[in-house]
Amino acid sequence: MSDTVQVNRWRRYSDWDERPLRLDRFAKEDPANGFAAFKSPADPKPGLTLSGGRIASMDGVLAHDFDMIDAFIAEYHLDPAIAPEAMAMGSGEVARMLVDMHVPRETLVRLAHGMTPAKLVDVVSQLNAMEIAFAYSKMRPRKTPGNQAHVTNAKDDPLQLAADAAVAAGHGFDEVETTMRVARCAWSNALACLVGSSVGEWGTLFQCSSEEAEELRIGMAGFTSYAETVSVYGTERSFTDGDDTPWSKAFLVAAYASRGIKARCTSGGGSELLMGYHEAKSLLYLEARCLCLQRGMGVQGTQNGGIDGAPITASIAGGMREMMAENLLAVWLDLECASGNDARATESEIRVGAKILPYLIAGSDLICSGFGSILKYDNSFNPSLFNGEEMEDFLTLQRDFEADGGLTPIPEAEALSLRIRAVGAISAVLEELGLASPTEAMKTSVIAASGSRETQTFSTGETARISEEIQARGINVIDVIQALAKRGFQPEAENLLKIVKLRVSGDYLQTSSIIRQGRILSAINDPNDYAGPGTGYRMTEARRDEINEIRDLIGQSEVLSDQARHRRGESRRIAYAPQGAAPKGAAPHEVVIGISPAFGLQLYQTTAGLALSDVLAALIRGITAGGGVARILRMHHTADTSFLGLTAAEMSGSGFGIGIQAKGTAVIHQRGRMPHNNLELFSNAPITTLAHYENMGRNAARWTHGERPEPVSVPTDGQALGARFHAQVALIYAIETGLTDPNRAPEDITVTFLDAGPETGEKP
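Note that the structure is a prediction, hence the values are computed from the model and not measured.

> Mind showing me how you'd approach the environment of Thr444 here?
Counting through the fold element by element, Thr444 comes out in helix H20 (residues 440-448). Each C-alpha atom, one on Thr444 and one on Ile593, is 57 Å from the other, the two residues being 149 residues apart in sequence. Of note is the side chain of Thr444, whose polar atom sits 2.8 Å from the backbone oxygen of Glu440.

The structure is reproduced here in structure tokens:
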């Protein structure tokens, strides 16, 4: 290496600096400071002793040294009748049972009831990411997957909340959750989402995340049907920092259940680390304590898998796997699981896609505990893993893997119709209850808006006033139902009434319950019975058809229709006159252009959108400029570019020819070469320009003079041209091959350019 070389950076690192991934920050493993995903020196070893039928020690701590979390778990989670058997089993043996399709789920759930937090962690730590995903698929309580949406906006605007809730329900979200930027808007937000979620098919459950006491009051007014913000922590200091205890949380979830409101607790790796009370324990061990607490409380389920702690968990080595393991612990303990995927843990879209995939293919009670159905900036919970911008990405992933993520594509007209109806319904309720009178301009702006930055509607202050009046006047769900019915929104009134009736019966207080087609589905009547191929959840053909109907699908009819739009224009620019079977040429500088069977007959534009007449003119112009003479032959025996070119070369007096398909792929070939060993090839037709074709023609002509011209380069920016064009290309090529006749010889074509007069068609 020369001493004069002075390079202090490989510029690839500069390229990497521009990637979204570089916005993520990653933490060093540091167990002493809480940065450990699966294990820490401070984690206890699994262990349990019983004395007189009661827990005498657990995970190395004697009963008289228990903190309140240990005490609660020992009293309400651990089953002394099962614990000796479960704790005596080898962790590796239990781990293998989790991924053994022949071991029933019920057997493993029973064993979990006898395992301490450290034992549960010791088992799942032995599974790799794939095994965790498999075990999750087997162990989740309900067979049918579901999903949950966030519906919020930056203005706390009730009109937009109603419109967005209606669209979320239309997409099939089983649950809709809202919160607010300004706490005083809680009642208005609840009312708006309640009304919006009643538009269309009924059955969407709804919650308003607020201060716990107020959230309960909103629920008792009938506005909400579930709650999942009962926070639980894995260290005593984290609990007491919020003036809570496991017993106070248990009382709260019982209060919800007593009013027919479905309840889940919230926990997740990283929360104790963020709060500064991690006790140097690993994230998974602390989460295992949380989940054992929740099972002991008797709550229906949990939302876990990082949640607010997801970003810091994802910054630690093994963090993504740890969140999967948390979720596995939850379902193993027989809790309904809203499996995180709400907080956006990364700026990298690749990491986003990788994070969601195990849940999508494994299925989950609720794959996201908050899919941001609204735009990122409108998400008052902070951006979700997936947001409104990425809705179609998620729908496509469902289609790609034939995996039911709980959502359904809806046509644009249907989405607009839902928004119009929802804005009308909430406006009617606000007016009928004397809360506000939205103007037509406000309604129109909200219906069309993708996000709150485009709306002209209530200010946050006006919304707060509406909200405080709802609370002060004691308006409840019955008032809303009556207002809807009185103002002509009878279907929406009936939909809300059906939810209220279910609350009275308590029918959706079963584990993992959702409402589909007016029927409760839960772990009771729709249990996950996965036991190997052909078992567990399988999409019906009808459901598969729903998932497949994403936007802008193309088939041959669409391609032909699109091409047909250009037929008339081409007929005014060019005329192809067949002259019969072509003889071999003799002119020394002749360049034969071999066009494909459908060229100019059924196909009229390249995939770059170039008229074929212009492409042909460019090639001829270039051949002429290079000192050659062009001759056009239509090939009937093949549509393959290489063989089009090779045949053209063999028929040419010079031995050089150009083959071109209607989609624009072109090649320079030479007589005697192997079919795929050409001289020049334009393989990326969608980015090939007329200048490229003209230069190709010029190069072909120069070959006839014995020159070795510099090949023409078609630069690419690395676009995924296959993804953009291959469906179209395959359909076009099928049209070409449909016209081939292996027994038909090449045909001379006289081409007349009608705008510029005849340019070629000369016979040799």
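> Teacher, can you tell me more about the packing of helix H7 (residues 129-139) against helix H16 (residues 319-332) here?
Helix-helix packing: each pair is described by the crossing angle between the helix axes and the interaxial distance. One way to put it is that H7 packs onto H16 with a least axis distance of 9 Å and a crossing angle of 25°. Overall, the two elements H7 and H16 adopt an arrangement that is roughly parallel. Considering the relative orientation of H7 and H16, their crossing is left-handed. Counted together, Ala129, Ile132, Ala133, Ala135, Tyr136 and Met139 of H7 and Arg321, Met324, Ala325, Asn327, Leu328, Val331 and Trp332 of H16 form the full contact between these two elements. When grouped by side-chain class, the residues that make up the contact of H7 with H16 number 11 nonpolar, 1 polar and 1 charged.

> It is not clear to me how the nonpolar core should be interpreted in this structure. Could you clarify?
Taken as a class, soluble globular proteins show a tendency for nonpolar side chains to be buried jointly. Residues Leu98, Met115, Leu191, Phe223, Trp332, Leu430 and Leu484 are the most contacted members of the largest nonpolar core, which totals 154 residues. With 10 residues, the top contributor of residues to this core is helix H14 (residues 283-297). When near neighbours in sequence (up to four residues on either side) are disregarded, Leu191 contacts Phe223, Ile426, Val429, Leu430, Leu435, Ile470 and Val480. Membership of the second largest hydrophobic core comes to 45 residues, among which are Ile660, Phe682, Met696 and Leu731.

> When you look at the side chain of His150 in this model, what are you seeing that I'm missing?
Its location among the elements puts His150 in strand S4 (residues 148-150). A distance of 3.2 Å separates polar atoms of two side chains, one belonging to His150 and the other to Ser384. Apart from the residues within four sequence positions on either side, His150 is in contact with Glu177, Asp342, Ser369, Gly370, Phe371, Gly372, Ser373, Ile374, Asn379, Phe381 and Ser384.

> Just to check I follow, could you spell out the packing of aromatic side chains for this structure?
Think of a pair of aromatic rings as described by two things: how far the centres are apart, and how the planes are tilted against each other in angle. Tallying each qualifying case throughout the model produces 16 aromatic pairs. Measuring from ring centre to ring centre gives 6.0 Å for Tyr233 and Phe239, while their planes differ by 85°; the resulting arrangement is edge-to-face. Across the pair, exposure class does not vary: Tyr233 and Phe239 are buried alike. Between Tyr576 and Phe599, the ring centres sit 6.5 Å apart and the planes meet at 85°, which makes this aromatic pair edge-to-face.

> Any chance you could explain the pairing of strand S15 (residues 590-595) here in plain terms?
Here S15 lies mainly inside the structure; 6 of its 6 residues are buried. Here S15 shows a buried face lined by Glu590, Val592 and Gly594 and a second buried face lined by Val591, Ile593 and Ile595. Direction of pairing for S15 relative to strand S16 (residues 629-634): parallel, over a ladder of 6 bridges. Across the sheet, the residue bridging to Val592 is Arg631, located in S16. Here S15 runs beside strand S17 (residues 656-660); their pairing, made up of 5 bridges, is parallel. Its bridge partner lying in S17, Ile593 is registered against Ile658.

> I'm lost on the environment of Thr704 in this one. Help?
Relative to the helices and strands, Thr704 is located in helix H29 (residues 690-704). Sequence separation of Thr704 and Met58 is 646 residues, and the distance between their C-alpha atoms is 89 Å. There is a polar contact of 2.5 Å between the side chain of Thr704 and the backbone oxygen of Ala701.

> Honestly, unusual backbone geometry in this entry has me stumped. Any pointers?
Peptide bonds are mostly trans, and most non-glycine residues show a negative phi. Not every positive phi belongs to a glycine, and Asp156 is a case in point at roughly 55°. Along the chain, Asp156 turns up in the loop between S4 and helix H8 (158-171). A relative accessible area of 0% means that Asp156 is categorised as buried. Phi at Asn341 is positive, roughly 55°, even though this residue is not glycine. Mapped onto the elements, Asn341 comes out in the loop between strand S10 (336-338) and helix H17 (349-362). A relative accessible area of 2% places Asn341 in the buried class.

> It is not clear to me how the packing of helix H27 (residues 612-625) against H29 should be interpreted in this structure. Could you clarify?
Axis separation between H27 and H29 bottoms out at 6 Å; the angle between their running directions is 35°. As for the relative orientation of H27 and H29, their crossing is right-handed in sense. Across from Asp614, Val615, Ala618, Leu619, Arg621, Gly622, Ile623 and Ala625 in H27, the residues of H29 making contact are Leu690, Tyr693, Glu694, Met696, Gly697, Arg698 and Ala701. Taken together, the residues of the contact of H27 with H29 sort by class into 9 nonpolar, 2 polar and 4 charged.

> Could you clarify how one ought to interpret the confidence of the model for the protein in this entry?
Reading fine detail from the predicted coordinates is not recommended where pLDDT is low. Counting all residues, the mean pLDDT for the protein is 96, and 98% of those residues have values of 70 or more. When the criterion is pLDDT under 50, residues 756-764 qualifies, and its contacts beyond four places in sequence or with other chains add up to 23 contacts.

> Explain the side chain of Ser522 here, please?
Looking at where Ser522 falls in the secondary structure, it is placed in the loop between strand S13 (519-521) and helix H24 (541-548). Polar side-chain contacts of Ser522 include one of 2.6 Å to the side chain of Gln510. Separated by 3.0 Å, the side chain of Ser522 and the backbone nitrogen of Ile524 make a polar contact.

> Before we go on, may I ask you to explain the sheet that holds strand S1 (residues 48-51) in this structure?
Taken in spatial order, the 3 strands of this open sheet run S1-S2-S3, and their pairing is antiparallel. The strands lining the two open edges of the sheet, one partner per strand, are S1 and strand S3 (61-62). With 4 bridges connecting them, S1 and strand S2 (residues 54-58) associate as antiparallel partners. For Thr49, the partnering residue across the bridge sits in S2 and is Ser57.

> For this particular structure, what's the right way to read a nonpolar patch on the surface?
A cluster of nonpolar side chains, contributed by Trp10, Tyr13 and Trp16, occupies part of the molecular surface with about 370 Å² of accessible area. With respect to the secondary-structure elements, Trp10 resides in the segment before helix H1 (12-17).

> Looking at this structure, how should I read the state of the cysteines?
Between two cysteines, a covalent bond joining their sulfur atoms is known as a disulfide. Applying the stated criterion across every chain yields a total of 0 disulfides. Sulfur of Cys292: no disulfide; nearest cysteine sulfur belongs to Cys290 and is 9.4 Å away. Looking at Cys292, the relative accessible area reads 0%, which means it is buried. With no disulfide of its own, Cys368 has Cys337 as its nearest cysteine by sulfur position, at a separation of 12 Å. Looking at Cys368, the relative accessible area reads 0%, which means it is buried.

> Would you mind showing me how to read the environment of Gln207 here?
Within the secondary structure, Gln207 is located in strand S6 (residues 205-208). You can call Gln207 buried: its relative accessible area is 0%. Between the alpha carbons of Gln207 and Glu177 there is a distance of 4.9 Å; along the sequence they are 30 residues apart. Ignoring sequence-local partners within four residues, the contact set of Gln207 consists of Val176, Glu177, Thr178, Glu215, Thr224, Tyr226, Ala227, Glu228 and Thr229. In this structure the side chain of Gln207 is engaged in a polar contact, spanning 2.5 Å, whose partner is the side chain of Glu177. From its side chain, Gln207 meets the backbone nitrogen of Glu228 in a polar contact 3.2 Å long.

Analysis parameters
- Residues numbered from 1 in each chain as written.
- Predicted model: local features only at pLDDT ≥ 70, side-chain atom pairs only at ≥ 80, totals over all residues.
- Heavy atoms only, no water.
- Helix = DSSP H or I, 4+ residues; strand = E, 2+ residues; numbered from the N terminus.
- Polar contact = N/O pair within 3.5 Å; in protein donor to acceptor, adjacent residues only side chain to side chain.
- Axes fitted to C-alpha atoms, helices over the stretch in contact; angles between N-to-C directions.
- Parallel < 35°, antiparallel > 145°, perpendicular 65-115°, else oblique.
- Left-handed = near helix turned anticlockwise from the far one by under 90°.
- Contact = heavy atoms within 4.5 Å.
- Nonpolar A, V, L, I, M, F, W, Y, C, P; charged D, E, K, R; others polar.
- Core = buried A, V, L, I, M, F, W, Y, C linked by side-chain atoms within 4.5 Å.
- Buried < 20%, exposed > 50% of the residue type's maximum accessible area, 1.4 Å probe, protein only.
- Phe/Tyr/Trp six-rings, centres within 6.5 Å; stacked < 30°, edge-to-face > 60°.
- Pairing = 2+ DSSP bridges.
- pLDDT = per-residue confidence, 0-100.
- Patch = residues over 30% accessible without salt bridge, like charges linked within 9 Å, V, L, I, M, F, W, Y side chains within 5 Å.
- Areas by Shrake-Rupley, 256 points an atom, 1.4 Å probe, with all protein chains shown as cover.
- Salt bridge = Lys/Arg side-chain N within 4 Å of Asp/Glu carboxyl O.
- Disulfide = S-S within 2.5 Å.

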